[in-house]
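Examination of the molecular architecture
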Amino acid sequence: MSDKSIEDRVKEIIVNQLNVNEEQVTPEASFLDDLGADSLDLVELVMAFEEEFKDEIQGEIPESDSEKLQTVGDVVSYIKEKSAS
Amino acid sequence: MKLTFDNKIALVTGAGRGIGRAIAESLAAEGVHVICVSRSESSCGSAAEAIRSNGGSAEALAVDVGDSAAVSAACEKLLKEHENIDILVNNAGITKDMLLLRMTDEDWLDVINTNLSSCFYWTKGILRPMTRKRWGRIINISSVVGIIGNPGQTNYGAAKAGMIGFTKSTAREIASRGITCNVVAPGFIETDMTAELNDTIKTEATKVIPLKRFGQVADISNMVTYLASEEAGYITGQTFSVDGGMAM
């Protein structure tokens, strides 16, 4: 497992996937409205999160959960919640 | 016109013989590295060997294209070796002809699975790195039968028409990533598949072809090679009939 915080790991994936600056990736930033993502980006982001956090979330992120992940903060709290349980 | 292929890698299913082999050879002649896929090791092996002995670059991969798990494992392995497949040609196909009233579930499902579901398995398997690269070509080989129908081929016609619908939806999903997805629909082409037809059927078939002859595998591979090139980047979601004018 990585030493980096969940926040940093989430941020890194978003920066790579969406080609945005790190400064834009604030907890409140919405993928669709602020970070210029389209629906295909969202699917790819979720798959990237599943890969990076496979130890924490144990399995795939169900569709019913992934549609609620609209901001950077949503993702961070979702992964924290999953890894605590 | 000179076609541009810049260090590209292609995967062609059903590359052991017929149209698929011609496509593999044509792409290889343009300097593309070709992964030749077929069910039997000897079939794809000899296709790859023929390309290499002509100075091209190719490798063989034996997979049953209708086996979802096998295709997904093959893609995973390939993407470890190559990082990215740039050009996917879904060409593998079988026929199990029978009038509808006599067709078994097995005949139906086998043809749907090998001809149509295989497109879904391969496209899904190679798409992620393609979207990251923001460049790709997916070419699905359908048939005139998918457009105008043919008695005795409800299974084949359904699968081939299904490929056209699959292509259009896929083209719309991935257009923003610089990936095009098109269909080539051959008519009667001189291959092992049509060699099985008896002379009466061949004569009758020729009557309904406006150009009055069967096509050659090169007629198809020329079109596929163009669609795979850099130059065809503004064409997506289309079906190209190469059938001597049968469907118009």
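Residues numbered from 1 in each chain as written. Chains lettered and ligands numbered in written order. Predicted model: local features only at pLDDT ≥ 70, side-chain atom pairs only at ≥ 80, totals over all residues. Heavy atoms only, no water.

Structural notes on the environment of B:Gly56
Residues and elements named next belong to chain B. Applied cut-off: Runs of E in the DSSP output that reach at least two residues are strands. Runs of H or I that reach at least four are helices, and both are numbered from the N terminus. In this scheme, a residue with accessible area under 20% of its type's maximum is buried, one over 50% is exposed, and one in between is partly exposed, where area comes from a 1.4 Å probe on protein chains only.
When you line up the elements, Gly-56 lands in the loop between α2 (41-53) and β3 (58-62). On the basis of relative accessible area, Gly-56 is assigned to the partly exposed category, the value being 23%. The sequence separation of Gly-56 and Ser-68 amounts to twelve residues, and the corresponding C-alpha distance is 30 Å.

Description of the interface of chain B and chain A
Put simply, the test is: Between two residues, a contact is recorded if the distance between any of their heavy atoms is within 4.5 Å. Put simply, a salt bridge is a Lys or Arg side-chain nitrogen that is within 4 Å of an Asp or Glu carboxyl oxygen. Here a polar contact means two N or O atoms within 3.5 Å. Within protein one must be a hydrogen donor candidate and the other an acceptor candidate, and residues neighboring in sequence count only if both atoms are side-chain atoms. Amino acids outside the nonpolar list (Ala, Val, Leu, Ile, Met, Phe, Trp, Tyr, Cys, Pro) and the charged list (Asp, Glu, Lys, Arg) are all regarded as polar, and Gly is one of them.
Taken together, the contact between chain B and chain A spans seven residues of the former and seven residues of the latter. The interface formed by chain B and chain A includes four salt bridges. B:Arg177 is paired through a salt bridge with A:Asp38; the nearest N and O atoms lie 2.9 Å apart. Across the chain B-chain A interface, the total number found is four residue pairs in polar contact (both at pLDDT 80 or more). Of the residues in the side of chain B that touches chain A, the class split is one nonpolar, two polar and four charged.

Comments concerning helix α5 (residues 72-84) of chain A
Residues lying three or four places apart along an α-helix face the same way, a consequence of the helix completing one turn every 3.6 residues. Residues and elements named next belong to chain A. Heads up, the condition is: For a helix, the expected span equals 1.5 Å multiplied by the number of residues minus one. Each direction from the helix axis to a C-beta atom contributes to the arc, which is the arc of those directions.
Taking 1.5 Å as the rise per residue, α5 with 13 residues should run 18 Å; its terminal C-alpha atoms sit 19 Å apart, in good agreement. Residues of α5 that are buried: Val-72, Val-75, Val-76, Tyr-78 and Ile-79. Along the axis of α5, the buried residues cluster in a sector spanning 165°; they form a single face. Relative to its buried face, α5 has exposed residues pointing more than 90 degrees away, namely Glu-81 and Ala-84. Looking at the buried side of α5, the elements it contacts are α1 (6-18), α2 (39-52), α3 (54-57) and α4 (63-66).

Re the pattern of salt bridges
Across all of its chains, the model carries 16 salt bridges over all chains by this definition. The partner of B:Arg52 in a salt bridge is B:Glu49, and the shortest N-O contact between them spans 3.0 Å. Of this pair, B:Arg52 and B:Glu49 both sit in helix α2, separated by three residues, roughly a single helical turn. Residues joined in a network through salt bridges with shared partners are A:Asp38, A:Asp41, A:Glu44 and B:Arg177.

Looking at the packing of helix α3 (residues 68-82) of chain B against helix α4 (residues 105-133) of chain B
Residues and elements named next belong to chain B. To be explicit about the condition: To obtain an axis, a line is fitted to C-alpha atoms, over the contacting stretch when the element is a helix, and the angle between two such axes runs from 0 to 180 degrees between their N-to-C directions. Orientation categories follow fixed angle ranges, with anything under 35 degrees roughly parallel, anything over 145 roughly antiparallel, 65 to 115 roughly perpendicular, and all other angles oblique. Helix crossings get a hand from a simple test, with the near helix turned counterclockwise from the far one by less than a right angle marking a left-handed crossing and a clockwise turn marking a right-handed one.
Contact geometry for α3 and α4: axes closest at 9 Å, N-to-C directions at 25°. When the axis of α3 is compared with that of α4, the two are roughly parallel. Once α3 is placed against α4, the crossing between them reads as right-handed. Seen from α3, the contacting residues are Ser-68, Val-71, Ala-74, Cys-75 and Leu-79; seen from α4, they are Tyr-121, Trp-122, Gly-125, Ile-126 and Pro-129. Residue composition of the contact of α3 with α4, grouped by class: eight nonpolar, two polar and no charged.

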